[in-house]
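Observations on the model geometry
So you can see what is in the structure, the chains are spelled out below.
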Amino acid sequence: MLAAPADSRPGNPWFSWTYVHENADTIAEKLAFHAGLTARAVLIALLVAVPLAIAAYWWRPLTAPILALSSVLYTIPSLALLALVAPAVGTTKDLSVLIALVLYALLVLVRNTLAGLIQVPGAVRDAAAGMGYGRLSRLWHIELPLALPALLTGLRLATVSTVALVTIGALIGNGGLGDLILGGFNHNFYRAEILTGTVLCVLLALLLDLMLAGLGRLLTPWTRGRRS
């Protein structure tokens, strides 16, 4: 039989400084793991997505298959995907969660990068070709910089969604702040543990989004005048 939920008893507040103080080391460890896993997943997804987007941009017959494959991966429910990956990699390894996160981030990054490349004006490409730029040099010096705003938008979306998806790793003990959320439910609905994990997850997503937004402003100064 299940124990009576803790919220039926007094002394189970939604926030407790006592809980935070007594579990500060564990909370910091889970937060660091969550941030680190998010960073690794987004970076790997970016390294895979950009070449895929370039391939789809250069060879248009590849566009539909690349987008279709990434779309299919994105539609797989997160729990089902983790259940498929974990037995093959290891049910207690964070690599299982990492693979799932990378696959989910691919669609957003591929689509946004490809959209940014396609939106480069044809006149700009023609002018670059007339100045002697080859395909690779034109991509590096002209097309990718102009596609950067769209790429960074995709990076922000992928990062925020990845922060949320890391929590599913709690099912195999590698969910970062998700371990606190799930642990709160397992510990007879311990409200302080649940809310602490939830709030920190939201704050982490907001912080990373603001950092990427600031990075975008630094890397694309020409867009500021356009917005104003």
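For the structure, see preceding data.
Report follows, based on the coordinates. (Residues numbered from 1 in each chain as written. Predicted model: local features only at pLDDT ≥ 70, side-chain atom pairs only at ≥ 80, totals over all residues. Heavy atoms only, no water.)

Things to note about the packing of aromatic side chains
Under the counting rule described, the total for this entry stands at four aromatic pairs. Between tyrosine 19 and tyrosine 190, the aromatic rings sit 5.4 Å apart at their centres with planes inclined by 75°, giving edge-to-face as the arrangement. Separated by 171 residues along the polypeptide, tyrosine 19 in helix α1 (residues 17-22) and tyrosine 190 in the loop between α8 (177-186) and α9 (191-219) bring together distant segments of the chain. Since its relative accessible area comes to 29%, tyrosine 190 is described here as partly exposed. Seen from their ring centres, tyrosine 74 and tyrosine 104 are 5.9 Å apart, and the 80° between their planes marks the pair as edge-to-face. Of this pair, tyrosine 74 sits in helix α3 (residues 63-75) while tyrosine 104 is found in helix α5 (residues 94-118), placing the two residues 30 residues apart along the sequence. Under the relative-accessibility criterion, tyrosine 74 is labelled partly exposed at 38%. For tyrosine 104, a relative accessible area of 6% corresponds to the buried category. Note that arginine 135 overlies the ring of tryptophan 59, its terminal NZ or CZ placed 5.8 Å from the centroid. (Phe/Tyr/Trp six-rings, centres within 6.5 Å; stacked < 30°, edge-to-face > 60°. Helix = DSSP H or I, 4+ residues; strand = E, 2+ residues; numbered from the N terminus. Buried < 20%, exposed > 50% of the residue type's maximum accessible area, 1.4 Å probe, protein only. Lys NZ or Arg CZ within 6 Å of the ring centre and 35° of its normal.)

Structural notes on the pattern of salt bridges
Under the criterion given, the structure shown has four salt bridges. Salt-bridge contacts for aspartate 179 lead to lysine 30; the nearest nitrogen and oxygen are separated by 2.9 Å. You can see aspartate 179 sitting in helix α8 and its partner lysine 30 sitting in helix α2 (residues 24-58), a full 149 residues away along the chain. Aspartate 179 gets classed as buried once you look at its relative accessible area, which sits at 15%. For lysine 30, a relative accessible area of 22% puts it in the partly exposed group. With a closest N to O distance of 2.9 Å, arginine 156 and aspartate 209 form a salt bridge. With a gap of 53 residues between them, arginine 156 in helix α7 (residues 135-165) and aspartate 209 in helix α9 connect regions that are remote in the sequence. (Salt bridge = Lys/Arg side-chain N within 4 Å of Asp/Glu carboxyl O.)

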